[in-house]
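This is what each chain is made of:
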Amino acid sequence: MGRGRFLRGEVKPGYGGPKGSTLTTGACADSEPQIRNGRDDSFLLPGKMEKLRAAQYACSLLGHALQRRGASPDLQKQIQQLESHLSLGRKLLRLGNSADALESAKRAVHLSDVVLRFCITVSHLNRALYFACDNVLWAGKSGLAPRVDQEKWTQRSFRYYLFSLIMNLSRDAYEIRLLMEQESSACNRRLKGSAGGVPGGLETGGPGGPGSPGRGLPQLALKFRLQVLLLARVLRGHPPLLLDVVRNACDLFIPLDKLGLCRCGPGIVGLCGLVSSILSLLTLIYPWLRLKP
Amino acid sequence: MDTFIRFANQTQGRDRLFRATQYTCMLLRYLLEPKADKDVLMKLKKLESSVSTGRKWFRLGNVVHAVQATEQSIHATDLVPRFCLTLANLNRVVYFICDTVLWVKNVGLASGINKDKWQMWAARHYYYFLLLSLARDLYEISLQMAQVTHERAKGGKSSSGDPLGHSVADEMEWLQSFLLLFRSLKRHPPLLLDTVKNFCDILIPLDQLGIYKTNAGVIGFGGLVSSVAGIITVVYPHMKLKTC
């Protein structure tokens with residue numbers, strides 16, 4: 001998913017390329033020999049899209065770094081142009097994604113776990129709406145619908161994107177919670193089995209009766225520490241979940257910045273976008289890293 | 001709906017759809033030019049150009065695929081297809097290199113590139129690629145025709161005598177060859193599809209290089225037909241002509 005950011009004043013509605021580029025004239029045409037290798041390249045599209053996304057955020061990060069170091073305005077302009085090309089190009093290439101997200105939502109409705117079913121379905125639905133807004137933005141930017149209010153639709157699209165990410169993170173939190181409970185009860189069983197039972201066990205975090213207020217804070221601190229250790233253990237043992245959490249957390253900065261809820265600056269947004277794109281590419285290259293369902 | 005989504009989720013599928021859209025716009029512009037509103041024509045042109053520009057992103061990295069295809073074609077069993085396909089794929093590699101250079105120029109990363117020169121080179125190598133692919137198709141068609149003739153001869157249907165004289169025999173021969181061609185292609189739909197695709201595609205560089213100038217309508221129609229043929233090979237993979 002992308003930022004859909006356009007540079008105000010740089011990209012005008014109807015922009016299809018830089019000055020002097022080929023608008024396809026009658027005979028020029030985009031003559032492309034087809035790739036005729038017999039293999040199924042269904043995995044190549046997500047890969048290509050993620051690489052383009054990574055390139056876009058890398059440009060954003062690079063542009064910000066160049067600005068900070070006072071690089072030549074020509075070079076900065078080149079990077080900005082490349083970034084806007086990438087943004088518009090990605091919008092076009094994403095034109096089919098809305099239907100795909102709806103199909104994913106339809107499939108998610110059949111999941112057995114209620115919480116997962118809710119979180120994943122709502123996330124896909126929000127994604128579908130995000131892509132639909134993105135399509136409208138593309139129509140506006142490419143000149144097909146010049147009266148589109150870019151600002152309004154950009155805000156709308158980022159709102160849906162934010163909701164989708166919140167649902168993803170809720171799902172991750174739910175999975176982590178389940179795994180932590182599993183892990184904690186497994187540990188308890190092991191402790192009970194090995195040493196005739198430890199009073200209190202892992203849940204309470206240690207001894208301490210109800211009538212000892214002086215011990216409250218250290219007990220809480222210990223309990224908190226144990227929970228953190230348990231969380232670390234769970235995430236270490238489940239790389240797909242860890243990857244998904246980090247990816248969603250990084251992605252969260254993008255709509256938060258665009259909607260003005262948490263102004264982190266183009267550098268942070270670029271870095272987070274780049275990191276999340278790289279992690280997505282990893283899940284494509286190593287399918288076992290993908291969180292199922 | 002599910003098939004369509006699966007199709008659109010493949011790189012080739014989505015690219016073929018965009019290509020079909022691009023050439024449909026070109027064709028529509030040509031057809032509507034005398035009568036339509038300037039606004040509509042402008043929108044068609046904008047759609048065509050933004051789809052064309054966007055598709056270039058799909059093409060980045062195709063040099064690698066073309067090199068792989070060249071390696072594959074070296075292992076073709078028959079001599080003529082091996083020769084034709086290997087040379088064709090080599091030309092395609094050069095075409096994609098030229099295309100990447102043009103893309104670098106278009107996005108503004110390098111200014112010192114002579115766009116016209118590189119466009120001519122790209123068109124020329126694409127033309128050679130299509131010529132060699134057509135040569136391979138014609139070779140396969142001739143093989144199929146020979147096979148059909150052989151099977152018919154075995155079946156005892158010998159060519160009839162000629163009681164009516166030479167001129168009628170000439171016409172019969174022409175008709176027979178045509179029917180033979182038709183039957184051969186009907187037996188081998190992937191070959192028909194590939195031939196039609198290459199034939200429609202070659203109109204583009206023929207126009208660009210000035211060898212056979214047509215108009216936007218013909219090119220648009222040819223591009224649309226070849227894109228539809230490409231879509232068929234993506235939806236039905238068994239319709240793709242194999243390198244064997």
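Note: the structure precedes this text.
The present account deals with the structure reproduced in this document. If you're wondering where the values come from, they're calculated on a predicted model, not measured in any experiment.

1. A look at the overall build of chain B
Of the regular secondary structure elements, chain B holds nine helices and zero strands. Along the chain direction, N to C, the helices and strands of chain B fall in the order α-α-α-α-α-α-α-α-α. Referenced to the eigenvectors of the C-alpha coordinate spread, the extents of chain B come out at roughly 70 × 50 × 45 Å. Out of the 244 residues in chain B, the part that is buried amounts to 46%. Of the contacts made within chain B by residues no fewer than 6 positions apart, 73% connect residues no fewer than 24 positions apart. Of the roughly 12,600 Å² of accessible surface on chain B, 65% is carried by carbon and sulfur atoms. Of the side chains in chain B, 30 bear a positive and 20 a negative charge, and the two mean positions are spaced by 7 Å.

2. Looking at the overall build of chain A
Of regular secondary structure, chain A possesses nine helices and zero strands. Scored against the burial criterion, the 293 residues of chain A give a buried share of 47%. Just so you have it, chain A exposes about 14,900 Å², and 64% of that area is on carbon and sulfur atoms.

3. Examining the packing of helix α5 (residues 79-106) of chain B against helix α6 (residues 115-154) of chain B
Residue and element names in this part refer to chain B. Contact geometry for α5 and α6: axes closest at 8 Å, N-to-C directions at 160°. One element, α5, and the other, α6, form an angle in the roughly antiparallel class. Crossing hand, α5 versus α6: left-handed. Taken together, the residues of the contact of α5 with α6 sort by class into 20 nonpolar, six polar and five charged.

4. Some words on a nonpolar patch on the surface
All names here are of chain A. Taken together, the side chains of Leu242, Val246, Leu271 and Val275 define a hydrophobic patch exposed on the protein surface, amounting to about 270 Å² of accessible area. Mapped by element, the contributors of at least two residues to the nonpolar patch are α8 (239-258) and α9 (265-285). On the secondary structure map, valine 275 appears in helix α9. What makes valine 275 partly exposed here is its relative accessible area of 31%.

5. Remarks on the environment of Gly13(B)
Residues and elements named next belong to chain B. Along the chain, glycine 13 turns up in helix α2 (residues 11-32). On the basis of relative accessibility, which here comes to 0%, the residue glycine 13 falls in the buried class. Remark: the alpha-carbon pair of glycine 13 and alanine 146, spanning 133 residues in sequence, is separated by 35 Å. Discounting chain neighbours no more than four positions away, the residues touching glycine 13 are Phe7 and Val234.

6. Considering the side chain of Thr233(B)
Structurally, Thr233(B) is set in helix α9 (residues 216-235). Reaching out from Thr233(B), the side chain makes a polar contact with the backbone oxygen of Gly230(B) at a distance of 2.7 Å.

7. Notes on the nonpolar core
Formed by 22 residues in total, the largest nonpolar core has its most connected members in Leu82(A), Leu86(A), Leu92(A), Leu93(A), Trp138(A), Phe18(B) and Trp57(B). At the level of secondary structure, the elements contributing two or more residues to this core comprise α1 (44-68), α2 (73-93) and α4 (114-141) of chain A together with α2 and α3 (38-59) of chain B. A per-element tally of this core places α2(A) first, with six residues. Phe18(B) has contacts with Leu92(A), Leu93(A), Leu95(A), Val51(B), Arg55(B) and Phe58(B), leaving out every residue within four places of it along the chain.

8. Some thoughts on the packing of aromatic side chains
Counting across every chain of the model gives nine aromatic pairs over all chains. Measuring from ring centre to ring centre gives 5.3 Å for Tyr130(A) and Phe131(A), while their planes differ by 55°; the resulting arrangement is tilted. Between Trp118(B) and Trp121(B), the ring centres sit 5.1 Å apart and the planes meet at 75°, which makes this aromatic pair edge-to-face. Separated by three residues within a single helix, Trp118(B) and Trp121(B) lie in helix α6, roughly one turn from each other. Assessed through its relative accessible area of 33%, Trp121(B) is described here as partly exposed. The structure contains a cluster of three or more aromatic residues connected by ring pairs, namely Tyr95(B), Phe96(B), Tyr126(B) and Phe129(B). In this arrangement the basic side chain of Arg156(A) is found over the ring face of Trp153(A), its NZ or CZ atom lying 4.6 Å from the centre.

9. Focus on the packing of α2(A) against α3(B)
The interhelical angle for the contact between α2(A) and α3(B), taken along N-to-C directions, is 100°, at an axis separation of 9 Å. Relative to α3(B), α2(A) is oriented roughly perpendicular. Each of Leu82(A), His85(A), Leu86(A), Gly89(A), Leu92(A) and Leu93(A) in α2(A) lies in contact with α3(B), whose residues at this interface are Ser50(B), Val51(B), Gly54(B), Arg55(B), Trp57(B) and Phe58(B). Grouping the constituent residues of the contact of α2(A) with α3(B) by class yields seven nonpolar, four polar and one charged.

Reading the values: rules and limits
Residues numbered from 1 in each chain as written. Chains lettered and ligands numbered in written order. Predicted model: local features only at pLDDT ≥ 70, side-chain atom pairs only at ≥ 80, totals over all residues. Heavy atoms only, no water. Helix = DSSP H or I, 4+ residues; strand = E, 2+ residues; numbered from the N terminus. Buried < 20%, exposed > 50% of the residue type's maximum accessible area, 1.4 Å probe, protein only. Contact = heavy atoms within 4.5 Å. Areas by Shrake-Rupley, 256 points an atom, 1.4 Å probe, with all protein chains shown as cover. Lys, Arg positive; Asp, Glu negative; His and termini not counted. Charge placed at Lys NZ, Arg CZ, Asp CG, Glu CD. Axes fitted to C-alpha atoms, helices over the stretch in contact; angles between N-to-C directions. Parallel < 35°, antiparallel > 145°, perpendicular 65-115°, else oblique. Left-handed = near helix turned anticlockwise from the far one by under 90°. Nonpolar A, V, L, I, M, F, W, Y, C, P; charged D, E, K, R; others polar. Patch = residues over 30% accessible without salt bridge, like charges linked within 9 Å, V, L, I, M, F, W, Y side chains within 5 Å. Salt bridge = Lys/Arg side-chain N within 4 Å of Asp/Glu carboxyl O. Polar contact = N/O pair within 3.5 Å; in protein donor to acceptor, adjacent residues only side chain to side chain. Core = buried A, V, L, I, M, F, W, Y, C linked by side-chain atoms within 4.5 Å. Phe/Tyr/Trp six-rings, centres within 6.5 Å; stacked < 30°, edge-to-face > 60°. Lys NZ or Arg CZ within 6 Å of the ring centre and 35° of its normal.

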